[in-house]
Amino acid sequence: MTTVALPAAGSTRLGRLIVTARRFRWSVLLAGVVIGVALVAAVWPGLLTDVDPLQANPLESNAAPSAQHLAGTDIQGRDLLARIIYGARYSLVIGLGAVLVSVTLGTLLGLAAGAGPRWLDQTICRAIDILCAFPGVLLALVFIAFTGPGAPNLVVALGLGGIPGFARVIRTQALVARTSDYVEQAATYALPGWRITLRHVLPNALGPVPILATLGLGSAIVGSSGLSFLGLGPQPPTAEWGLMLSDSRNYLRVAPWTGVFPGVALTAVVIAATVLGRHWQRRYERRH
Amino acid sequence: MPQLAHWSRPATAELAGVVADPPARHRRSGRRLYRLVGARLAQAVFVLWAAITVTFVAVHAMPGDTVSLLLGENRDDPVLRAATIARWGLDQPAWAQYLIYLRRIPSGDLGTSYSLRQPVAELIAQSMVPTFQLAAAGLVAAVVIGFVVAYATTGRLPLLRPAANTLEIVFLSAPPFWLAIVLLAVFSFKLGWFSVIDYRSAAGLVLPAAAIALPMGFYLAQVLRDGIDRALEQPFALTARARGLSWAGVRRRHALRHASLPAITLIGLIAGGLLGGAVICETVFARPGLGQIAVAAVMVKDIPLILGIALVSTFAYIAASTTADLAALILDPRLRAGAKA
């Protein structure tokens, strides 16, 4: 992700060419490729493998990685690579769903706080402080204790924890937009407050949201796999990364690959989301 | 520049703004300090009260019969039903129930876990010990890692910084439970250095604590390093160099001190979140503790137990972050001058 500085670049024609080439960030391209492959795996896993992720084969239980099974097999002889490919769907869908919940509720609260009256601002800020006081994992655990395990509840449970971040940013952005010239201009046309808020404040407050969402996707995916790992998400025999890692714990001595590869996939997607998000963030900050 | 909350360092963006404020008059900062400390304590009490209220509302907002919700699988036991109704005051109006609840929780009466047939406070007190050991070991290790990595990477050794950057992004992105699994596979099964079974001994604490400390430590290092970089750009760094202090001396005696302030706030947040973070770590290493009873409680829908654990963790979080904020206020006069009470 980082480049090591080379001496005397940019002094010659060739040097300038090298500088231009170096400014091109391989890490960002790589991150895009990882996310792209994960998306393909989530939408159309059959394109990447024709092995059935649920096909058990007791004769090949815990087989080491080989030409036939690139990532080895698990205790039931299921192909690990196929399971990882099919597992992308759960992680991405739950992660994206959770971010969507955070963005929607966070934007609503942040906009109401930033553009609304002062008492509303105060109330919402205090409410967000309270939400922050519940540590993320526990908030999700309490929510699932009340509503029961399963993917939809997982999405909401994880989404709740992400609300404060979005709400705070949107609020700050809305406060800036509210004092801007174009909003004052709109006010001189005697437009009603809610229309100014929706037509002028909201679009201008949304700027950093895609960046935050990309960065948040990583932590949402980690959170979702963590809860699945605890057995609170999709149930066996579903191919889900957290669940696969949870199964691997009992066979780490004989089949360490079952505990490594799903985690590699998980980490690669999270790093890719982070790298892309940070790249956008840098570009956004340079423009503003 | 618009305020962009960075995903991995929520506290520092705000704090940086506060720290950057120019120091105002210090003469009256004594009285102002008391006022700020008082305000911060009041805020902590308020959040605590709100957290208790939220759990009360959550229990009562659930559809269906509250007694059955609290009793779980024992909902048909008439004796337990009567006891629960009496304890929660469920035969009284809602405001009376709330007052009963508000009086009960701070006195340590968190109800009874019906899945384990034991008072919740007792259960938590028992499980707290191993969790606290793990959290404390993890926190100490994280602070050591943070300071060592930050100090090493702000020097002029090439390659250290990119190496640390790569490690940072890996440790901060990898799911903690996967990190724990990999540590287990490598150091316990492959190399056989640490036994997985004896969770009581100090050796059994090494891997779980490392699993907690590595991400936290590198996170802390990131914040500290940004702080050191910022401090080194300040005029006083140049002055110190001009006085003949070595580059390492400037970093150690001046920059590190300045950078420690945001780190204190962050350490408070980390410490507060440790109890929650220990949940997953304990599951991987099959250690007894709060995490294990929390997961078990969610599985069997033991509402009093899970709410008790949530309240205790919230209390720990508030206590830790308040302590850190107060420490920062006392250590740095600029915060007193710049902060708006």
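This structure is a prediction, so every number in the text was calculated from the model and none was measured.

Chemist: Looking at this model, I keep getting lost on a nonpolar patch on the surface. Mind explaining?
Modeler: Residues Trp26, Leu29, Val33, Val37, Val40, Val43, Trp44, Leu47 and Leu48 of chain A make up a contiguous nonpolar surface patch of roughly 930 Å² in combined accessible area. Relative to the helices and strands, tryptophan 26 of chain A resides in helix 2 (residues 26-43).

Chemist: What should I look at first to understand the interface of chain A and chain B in this one?
Modeler: Often, the extent of an interface is quoted as the loss of accessible area upon association of its parts. Listed by partner, the interface residues are 54 residues for chain A and 55 residues for chain B. Sorting the residues of chain A by area buried against chain B places Phe134, Phe146 and Leu230 of chain A first, and these three jointly supply 14% of that buried surface. Scanning the region where chain A abuts chain B turns up zero salt bridges. Where the side of chain A that touches chain B is concerned, the elements lending two or more residues are helix 4 (118-133), helix 5 (136-147), helix 6 (151-178), helix 9 (209-229), helix 10 (241-248) and helix 11 (257-287) of chain A. Grouping the amino acids of the side of chain A that touches chain B by side-chain chemistry returns 31 nonpolar, 16 polar and seven charged.

Chemist: Please explain the pattern of salt bridges as it appears in this structure.
Modeler: Two side chains bearing opposite charge may form a pair once their charged atoms approach each other closely. Residues and elements named next belong to chain A. On inspection of all chains with the given rule, the structure shows five salt bridges over all chains. Of the charged contacts, one joins aspartate 121 and arginine 171 as a salt bridge, the two residues approaching to 2.7 Å between their closest N and O atoms. Taken together, the positions of aspartate 121 in helix 4 and arginine 171 in helix 6 put the pair 50 residues apart, joining distant regions of the chain. Between arginine 126 and aspartate 129 there is a salt bridge whose closest N-O contact spans 3.3 Å. Here arginine 126 pairs with aspartate 129, and both are found in helix 4, just three residues apart, close to one helical turn. The network of salt bridges with shared partners includes Arg126, Asp129 and Arg168.

Chemist: Looking at this model, I keep getting lost on the confidence of the model for chain A. Mind explaining?
Modeler: Detailed reading of the predicted coordinates is not advisable wherever pLDDT is low. A residue-level look at chain A finds 93% of positions with pLDDT of 70 or above and a mean pLDDT of 82. Ranking the elements of chain A by mean pLDDT puts helix 1 (residues 13-23) of chain A last with 65 and helix 3 (residues 80-115) of chain A first with 89.

Chemist: I tried to follow the packing of helix 6 (residues 120-153) of chain B against helix 9 (residues 203-233) of chain B on my own but got confused; where do I start?
Modeler: How two helices sit against one another is set out by the angle between their axes and by the gap between those axes. Residues and elements named next belong to chain B. Contact geometry of helix 6 with helix 9 gives a least axis separation of 6 Å together with a crossing angle of 40°. One element, helix 6, and the other, helix 9, form an angle in the oblique class. As helix 6 packs across helix 9, the resulting crossing turns out to be right-handed. Residue classes in the contact of helix 6 with helix 9 are distributed as 21 nonpolar, five polar and one charged.

Chemist: How should the packing of aromatic side chains be read in this particular structure?
Modeler: In this description, an aromatic ring pair is defined by two values, namely the gap between the centres and the angle between the planes. Throughout the structure, instances matching the rule amount to five aromatic pairs over all chains. Ring centres of phenylalanine 229 of chain A and phenylalanine 177 of chain B lie 4.5 Å apart, and the angle between their planes is 25°; this geometry places the pair in the stacked category. Residue phenylalanine 229 of chain A is located in helix 9, and its partner phenylalanine 177 of chain B is located in helix 8 (residues 176-190); the two belong to separate chains. Of the residues examined, phenylalanine 177 of chain B reaches a relative accessible area of 1% and is grouped as buried. Seen from their ring centres, phenylalanine 46 of chain B and tryptophan 49 of chain B are 5.8 Å apart, and the 40° between their planes marks the pair as tilted. Of this pair, phenylalanine 46 of chain B and tryptophan 49 of chain B both sit in helix 2 (residues 29-61), three residues apart, roughly one helical turn. The class for phenylalanine 46 of chain B is partly exposed, based on a relative accessible area of 29%. In this structure an aromatic cluster arises from ring pairing among Phe56, Tyr98 and Tyr101 of chain B. The ring of tyrosine 151 of chain B has arginine 251 of chain B sitting right over it, with the charged end atom 4.5 Å from the ring centre.

Chemist: Sorry if this is basic, but what is going on with unusual backbone geometry here?
Modeler: Comment: phi is negative for the bulk of residues other than glycine, and the bulk of peptide bonds are trans. At the junction of proline 236 of chain A and proline 237 of chain A, the peptide bond is cis and its omega measures out at 5° in the coordinates. Mapped onto the secondary structure, proline 237 of chain A falls in the loop between helix 9 and helix 10. Backbone geometry places alanine 286 of chain B, a non-glycine residue, at a positive phi of 50°.

Chemist: Can you help me understand the nonpolar core in this one?
Modeler: Looking at soluble globular proteins, one finds that nonpolar side chains tend to be buried together. In terms of nonpolar packing, the biggest core is built from 149 residues, with Leu141, Leu227 and Leu230 of chain A touching the most fellow members. Setting aside anything within four residues of it in sequence, one finds leucine 141 of chain A in contact with Leu227, Leu230 and Leu232 of chain A together with Val279, Ala294, Val298 and Ile306 of chain B.

Chemist: How should the environment of arginine 117 of chain B be read in this particular structure?
Modeler: Residue and element names in this part refer to chain B. Its place among the elements puts arginine 117 in the loop between strand 1 (112-113) and strand 2 (118-119). By relative accessible area, which is 56% here, arginine 117 ends up exposed. If near-sequence neighbours (up to four positions away) are discounted, arginine 117 is found in contact with Asn74 and Leu80.

Chemist: In this structure, what is going on with helix 9 of chain A? I would like to understand it.
Modeler: Residue and element names in this part refer to chain A. With 21 residues, helix 9 should cover 30 Å at 1.5 Å per step; its first-to-last C-alpha distance of 29 Å lies within 8% of that length. At glycine 216, helix 9 is deflected by roughly 25°, the largest bend along its length. With 18 of 21 residues buried, helix 9 lies mostly within the body of the structure. Downstream of helix 9 by a residue or two, glycine 231 has a phi angle that is positive, lying close to 90°.

Chemist: When you look at the confidence of the model for chain B in this model, what are you seeing that I'm missing?
Modeler: Residues and elements named next belong to chain B. Confidence along chain B averages 77 in pLDDT terms, with 86% of residues attaining 70 or more. For chain B, the element scoring lowest by mean pLDDT is helix 1 (residues 10-20), at 42; helix 6 scores highest, at 87. For residues 1-25, every residue scores under 50 in pLDDT, and the model assigns this stretch 42 contacts once sequence neighbours within four places are set aside.

Chemist: I tried to follow a positive patch on the surface on my own but got confused; where do I start?
Modeler: Residues and elements named next belong to chain A. A cluster of basic residues, Arg25, Arg282, Arg283, Arg286 and Arg287, forms a positive patch on the protein surface. Among the secondary structure elements, arginine 287 is positioned in helix 11. Of the residues examined, arginine 287 reaches a relative accessible area of 63% and is grouped as exposed.

Chemist: Can you walk me through the packing of helix 5 of chain A against helix 6 of chain A in this structure?
Modeler: All names here are of chain A. Interaxial distance between helix 5 and helix 6 falls to 9 Å at its minimum, and their mutual angle equals 145°. For the pair helix 5 and helix 6, the crossing hand works out as right-handed. Residues Leu139, Ala140, Phe143, Ile144 and Thr147 of helix 5 form the contact with helix 6, whose participating residues are Asn153, Leu154, Val156, Ala157, Leu160 and Gly161. Of the residues belonging to the contact of helix 5 with helix 6, the class tally is eight nonpolar, three polar and no charged.

About the criteria used
Position numbers for residues start from 1 in each chain and track the written sequence from start to end. Written order determines the labels here, with chains lettered from A and ligands numbered from 1. Local features are withheld for residues below a pLDDT of 70 in this predicted model, meaning they are given only at 70 or higher, and side-chain atom pairs are given and counted only at 80 or more; totals for whole chains, interfaces and linings count all residues. Water and hydrogen atoms play no part in the side-chain values, which are based on all heavy atoms of the structure. Patch construction takes residues with relative accessible area above 30% that form no salt bridge. Like charges are linked within 9 Å, and nonpolar side chains (Val, Leu, Ile, Met, Phe, Trp, Tyr) are linked within 5 Å. Exposure was quantified through the Shrake-Rupley algorithm and a 1.4 Å probe, taking into account, for residues, occlusion by the shown protein chains and nothing else. We define a salt bridge as a contact between a side-chain nitrogen of Lys or Arg and a carboxyl oxygen of Asp or Glu at a distance within 4 Å. Secondary structure elements follow DSSP: runs of H or I no shorter than four residues count as helices, runs of E no shorter than two count as strands, and numbering proceeds from the N terminus. Two residues qualify as a contact provided that any one of their heavy atoms is within 4.5 Å of a heavy atom in the partner residue. A simple way to read buried area is as the amount of 1.4 Å-probe accessible surface that goes missing from two parts once joined, with both sides added. Following the grouping adopted for this structure description, the nonpolar residues are Ala, Val, Leu, Ile, Met, Phe, Trp, Tyr, Cys and Pro, the charged ones are Asp, Glu, Lys and Arg, and the polar ones are all others, Gly among them. For every residue, the predictor assigns a confidence score, pLDDT, that lies between 0 and 100. Here the axes come from fitting lines to C-alpha atoms, over the contacting stretch only for helices, and the angles between their N-to-C directions go from 0 to 180 degrees. Put simply, angles under 35 degrees are roughly parallel, angles over 145 are roughly antiparallel, angles from 65 to 115 are roughly perpendicular, and the rest are oblique. For any pair of crossing helices, the crossing counts as left-handed if the nearer helix is rotated counterclockwise from the farther one by less than a right angle, and right-handed if it is rotated clockwise. Here the aromatic set is Phe, Tyr and Trp, taking the six-membered ring for Trp, and pairing holds for ring centres within 6.5 Å; pairs whose planes are under 30 degrees apart are stacked, those over 60 apart are edge-to-face, and all others are tilted. Working definition: with a 1.4 Å probe on protein chains only, accessible area under 20% of the residue-type maximum means buried, over 50% means exposed, and in between means partly exposed. Whether a charge lies above a ring is judged from NZ of Lys or CZ of Arg, which has to be within 6 Å of the ring centre and within 35 degrees of the ring normal. Residues enter a nonpolar core if they are buried and are Ala, Val, Leu, Ile, Met, Phe, Trp, Tyr or Cys, with the set joined through side-chain atoms within 4.5 Å. One less than the residue count of a helix, multiplied by 1.5 Å, gives the span that helix is expected to have. Think of it this way: the bend at a residue is just the angle between two axes, each fitted to seven residues, one set ending at that residue and the other starting at it. Counted as positive: Lys and Arg. Counted as negative: Asp and Glu, with His and the chain ends omitted from the count. A single reference atom marks each charge: NZ on Lys, CZ on Arg, CG on Asp, CD on Glu.

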